[in-house]
Amino acid sequence: MASQSHKKHLDLTLYLVTDSTPAILGDADLTWVVEEAIKGGVSIVQYRDKHADTGDMIETAARLHAVTKQYNVPLLINDRVDVCLAVGAEGVHVGQEDMSLSQVRSLLGPDAIIGVTASSIAEASKAIDGGADYLGVGTMFATPTKTDTKSIIGTKGTQAILQTCSTGTKKSVPCVAIGSINASNVQRVLHQSAHNDNQLSGVAVVSAIMASHDPRAAAKELKALVTSAPEKYYAAAAPGSDIVSDTARLLSKLPAIIAAHVDSSVLCHNMTNTVVQNFAANVCLATGSSPIMSINAREAVDLAKLGGALVINMGTVTPDTINAYLSGMKAYNAAGNPVLFDPVGGGATTLRRDTIKTLLTGGFFSVIKGNEGEISAVAGTSDVQQRGVDSGPSTSTEETKVALVKALARRERCIVLMTGATDYLSDGDRTLAISNGSHWLGRITGSGCALGSTIASYLALHREDKFVAAVAAMLHYEIAAERAATHCTGPGTFIPAFLDELYLLGQEVKDGRYHLSEQNAKLRWL
Ligand code: 3NM
């Protein structure tokens, strides 16, 4: 029966849930797969079989237990207390529809490991109060392995549960996430689910290991990904770097970043709308990046490897472009190159709101940038019908806007920029108001979209602090607009003047002829 030491030293890092259905297991032997997976690094096994007869289950569980014991890995049984007792396994995992936690505990005793599935804060709270040893949190993402899942909660719902598990008087209970987790998304799942220092203790997988031809290698890869810090790519500032959070130091860093960008020809891959393609490409060239305007899913993997950044601008979204966005973000995430999301018209139609959800589920954005309506749509805080792609006049206070960008940055664990007469940039910890720019930017098409392209290429170039990179891009762009405004006569002449000034300002900063100062950079920390 359950030994105290397993319970005391519960290692949930890589949690394997078995599946004996031919669609997943194929013709492999279950015991062999489990042993290989343990050799690869699985730290806990749950035997789950929703179809077998009790006698067969006991036989299989006994075989599995013989293996898991050899490696000192605990074996839990899904749902079936009787099977657990029959083979002396270390515990049981129960869902919300299964036997209650208190009944399981009274049958198995204090040393048994009992895990409970939780899809909501209420379920998590109840399980914690009831003495669960860990929570299986999910469903993270929709999964073909279990199609009767109740709620798809994503990293957002998981983060809320982790917050509950650790606040106030709540006992801290370890959590594993489950649902479509695999090598391609595990690091971002860990990053985006975290709430301050409260992180998932590990991940639970079925198909990522059970359906693999080489379960040992699959487990080894996953284990390495779970145990190595993903922070470098996902964090706004590289871990251990000198976090810039005052104006003087920020301004001292910007000239070198702008100068490097001017000569970089760094790739700026734009999956952008058909209205602004030409203008955005010209802005890229004027600021120093090399644009490619390709909304072709089949090119994304090759382009993602070229060290640049991807802009996903859903201005003229269609079912085809949604597939391209997903392929693009996945490819750039895998290659470790930044992705900027511009949810153009995000609150305007159901299609756009659904696309936002699909994309937030599909990968990680380094920066989410939009006007107030768009950022509200991404945050899910607004049911206000956006009229077209423009935000319309704001009725919110600065306090409300700052709270919104901060909360979204914390929830998605990325950088958020809300544009307007004053722009608000936040990485969840640092928040800056930037009041540069010109009203002419609002009188031409594509100025917001081209700002997205500019920020993206700066992110690709300056990686150690994406927040600082975004500020460099914004000041380059907005101060150039201010200068163009001094010698244009209307929107028509503003466009060429602006392109000239983007180029000239870059050259002047590079040559030391233009000095960024607290007078010309209108920055306010919030
Ligand atoms: N439980 P895969 S999802 C067994 O949400 C199970 O509680 C879930 O399989 C839950 O790793 C799930 O192949 C299946 O996506 C997970």
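Model, not experiment: these values are computed from the prediction.

Where helix H15 (residues 297-304) contacts helix H16 (residues 319-335), the axes come no closer than 8 Å and their chain directions differ by 15°. Between H15 and H16, the angle is such that the two are roughly parallel. Note that H15 runs across H16; the crossing there is right-handed. The segment H15 lies against H16, with Ala297, Ala300, Val301, Leu303 and Ala304 engaging Asn323, Ala324, Ser327, Gly328, Ala331, Tyr332 and Ala335. For the contact of H15 with H16, a count of residues per class yields nine nonpolar, three polar and no charged.

As for its position among the elements, Thr13 is in the loop between helix H1 (4-8) and strand S1 (14-17). Looking at Thr13, its side chain comes within polar contact range of the side chain of Asp11, at 2.2 Å. In this structure, Thr13 is in contact with Ser43, Ser201, Gly202, Val203, Lys223, Val226 and Thr227, ignoring residues within four places of it in sequence.

Tyr15, Val42, Ile77, Leu135 and Ile209 are the most contacted members of the largest nonpolar core, which has 71 residues in total. By residue number, the principal contributor to this core is helix H3 (residues 30-40), which donates five residues. Counting residues in each nonpolar core, the second largest holds 60 residues, with Ile444, Leu459, Ala484 and Val509 among its members.

So, about the domain arrangement of the protein chain. As assigned here, the protein chain comprises domain 1 (14-228) and domain 2 (247-382 + 395-525). Here domain 1 and domain 2 have C-alpha centroids that lie 40 Å from each other. If you look at the interface, domain 1 gives seven residues, while domain 2 gives nine residues. Across the domain 1 to domain 2 interface the summed buried area is about 820 Å²; carbon plus sulfur atoms make up 44%. Applying the counting criterion to the domain 1 and domain 2 interface returns zero salt bridges. Listed by contribution, the elements that provide at least two residues to the side of domain 1 that touches domain 2 are helix H8 (154-164) and helix H9 (186-193). Here the side of domain 1 that touches domain 2 takes three residues from H9, the largest share from any one element. Taken together, the residues of the side of domain 1 that touches domain 2 sort by class into two nonpolar, three polar and two charged.

Side chains bearing opposite charge may pair, as long as their charged atoms lie close to each other. Following the criterion strictly, the structure yields 21 salt bridges and no others. Between Arg216 and Glu36 there is a salt bridge, with its nearest N and O atoms 3.1 Å apart. One end of the pair, Arg216, is in helix H11 (residues 215-227); the other, Glu36, is in helix H3, and 180 residues separate them in sequence. In this structure Arg216 comes out as partly exposed when scored by relative accessible area, which is 35%. One continuous salt-bridge network, built from bridges that share partners, spans Lys7, Arg105 and Asp133.

Okay, the site of the ligand next. Around the ligand, the structure places 13 residues, and the nearest of them are Thr139, Thr143, Thr145, Ser180 and Ser207. Here Thr143 contributes a side-chain N or O atom positioned 2.6 Å from an oxygen atom of the ligand. Ser207 is positioned with one of its side-chain polar atoms (N or O) 2.5 Å from an oxygen atom of the ligand. Burial of the ligand by the protein chains amounts to 94% of its free accessible area of 420 Å². The residue makeup of the shell around the ligand, split by class, is three nonpolar, eight polar and two charged.

Let us look at H8. In terms of burial, H8 is a largely internal element, eight of the 11 residues being buried. Those residues of H8 that sit buried are Gly154, Thr155, Gly157, Thr158, Gln159, Ile161, Leu162 and Thr164. At its buried positions, H8 is contacted by strand S5 (113-118), helix H7 (121-129), strand S6 (134-137), strand S7 (175-178), H9 and helix H19 (398-412).

Turning our attention to the pairing of strand S13 (residues 367-371). Within S13, five of the five residues are buried, leaving the element largely enclosed by the surrounding structure. Side chains Val367, Lys369 and Asn371 of S13 all project onto a buried face; the interleaved residues Ile368 and Gly370 project onto the opposite face, where all are buried too. In terms of strand pairing, strand S12 (residues 339-342) meets S13 through two bridges, oriented parallel. In the strand pairing of S13, Leu340 is matched with Val367. After leaving S12, the chain enters helix H17 (residues 350-362) and then returns to the sheet as S13, a path that is right-handed. For S13 and strand S14 (residues 415-419), the ladder comprises five bridges, and the chain directions are parallel. In the sheet register, Val367 faces S14, and the bridge partner there is Ile415.

Next up on the list: the packing of aromatic side chains. The tally for this structure, following the rule as stated, stands at nine aromatic pairs. With a centroid separation of 4.8 Å and an interplanar angle of 75°, the aromatic rings of Tyr234 and Phe364 are classed as edge-to-face. Of this pair, Tyr234 sits in helix H12 (residues 231-234) while Phe364 sits in the loop between H17 and S13, and the two are 130 residues apart along the sequence. Its relative accessible area of 8% is what places Tyr234 among the buried residues. Between Phe279 and Phe498 the ring centres are 6.5 Å apart and the planes differ by 35°, which places this aromatic pair in the tilted class. Of this pair, Phe279 sits in helix H14 (residues 277-287) while Phe498 sits in helix H22 (residues 491-511), and the two are 219 residues apart along the sequence. In terms of burial, Phe279 and Phe498 fall into one category: buried. Among the aromatic residues, those joined into a ring-pair cluster are Phe279, Tyr477, Phe494 and Phe498. Between Lys466 and the ring centre of Tyr233, over which it is positioned, the NZ or CZ distance is 5.9 Å.

What follows deals with the packing of H7 against H8. Packed helix pairs are specified by the crossing angle of their axes together with the interaxial distance, meaning the distance between the axes. Packing of H7 against H8 brings their axes to within 9 Å, and their N-to-C directions diverge by 35°. You can see that H7 and H8 cross each other, and the crossing is right-handed. Contacts between H7 and H8 involve Ile121, Ala124 and Ser125 from the first element and Ala160, Ile161 and Thr164 from the second.

The next subject is the sheet that holds strand S8 (residues 202-205). The strand order S1-S2-S3-S4-S5-S6-S7-S8 describes a closed barrel built from eight strands, whose pairing is parallel. The sheet shows a mean angle of 25° between the axes of neighbouring strands, direction not considered. Bridge count between S6 and S7: three bridges; the pairing is parallel. Of the residues in S7, the one forming a bridge with Gly136 is Val176.

Reading the values: the criteria
- Residues numbered from 1 in each chain as written.
- Predicted model: local features only at pLDDT ≥ 70, side-chain atom pairs only at ≥ 80, totals over all residues.
- Heavy atoms only, no water.
- Axes fitted to C-alpha atoms, helices over the stretch in contact; angles between N-to-C directions.
- Helix = DSSP H or I, 4+ residues; strand = E, 2+ residues; numbered from the N terminus.
- Parallel < 35°, antiparallel > 145°, perpendicular 65-115°, else oblique.
- Left-handed = near helix turned anticlockwise from the far one by under 90°.
- Contact = heavy atoms within 4.5 Å.
- Nonpolar A, V, L, I, M, F, W, Y, C, P; charged D, E, K, R; others polar.
- Polar contact = N/O pair within 3.5 Å; in protein donor to acceptor, adjacent residues only side chain to side chain.
- Core = buried A, V, L, I, M, F, W, Y, C linked by side-chain atoms within 4.5 Å.
- Buried < 20%, exposed > 50% of the residue type's maximum accessible area, 1.4 Å probe, protein only.
- Domains from an automatic or database assignment.
- Buried area = accessible area lost by both parts, 1.4 Å probe.
- Salt bridge = Lys/Arg side-chain N within 4 Å of Asp/Glu carboxyl O.
- Near = heavy atom within 4 Å.
- Areas by Shrake-Rupley, 256 points an atom, 1.4 Å probe, with all protein chains shown as cover.
- Pairing = 2+ DSSP bridges.
- Right-handed = clockwise from strand over helix to strand, strands pointing away.
- Phe/Tyr/Trp six-rings, centres within 6.5 Å; stacked < 30°, edge-to-face > 60°.
- Lys NZ or Arg CZ within 6 Å of the ring centre and 35° of its normal.

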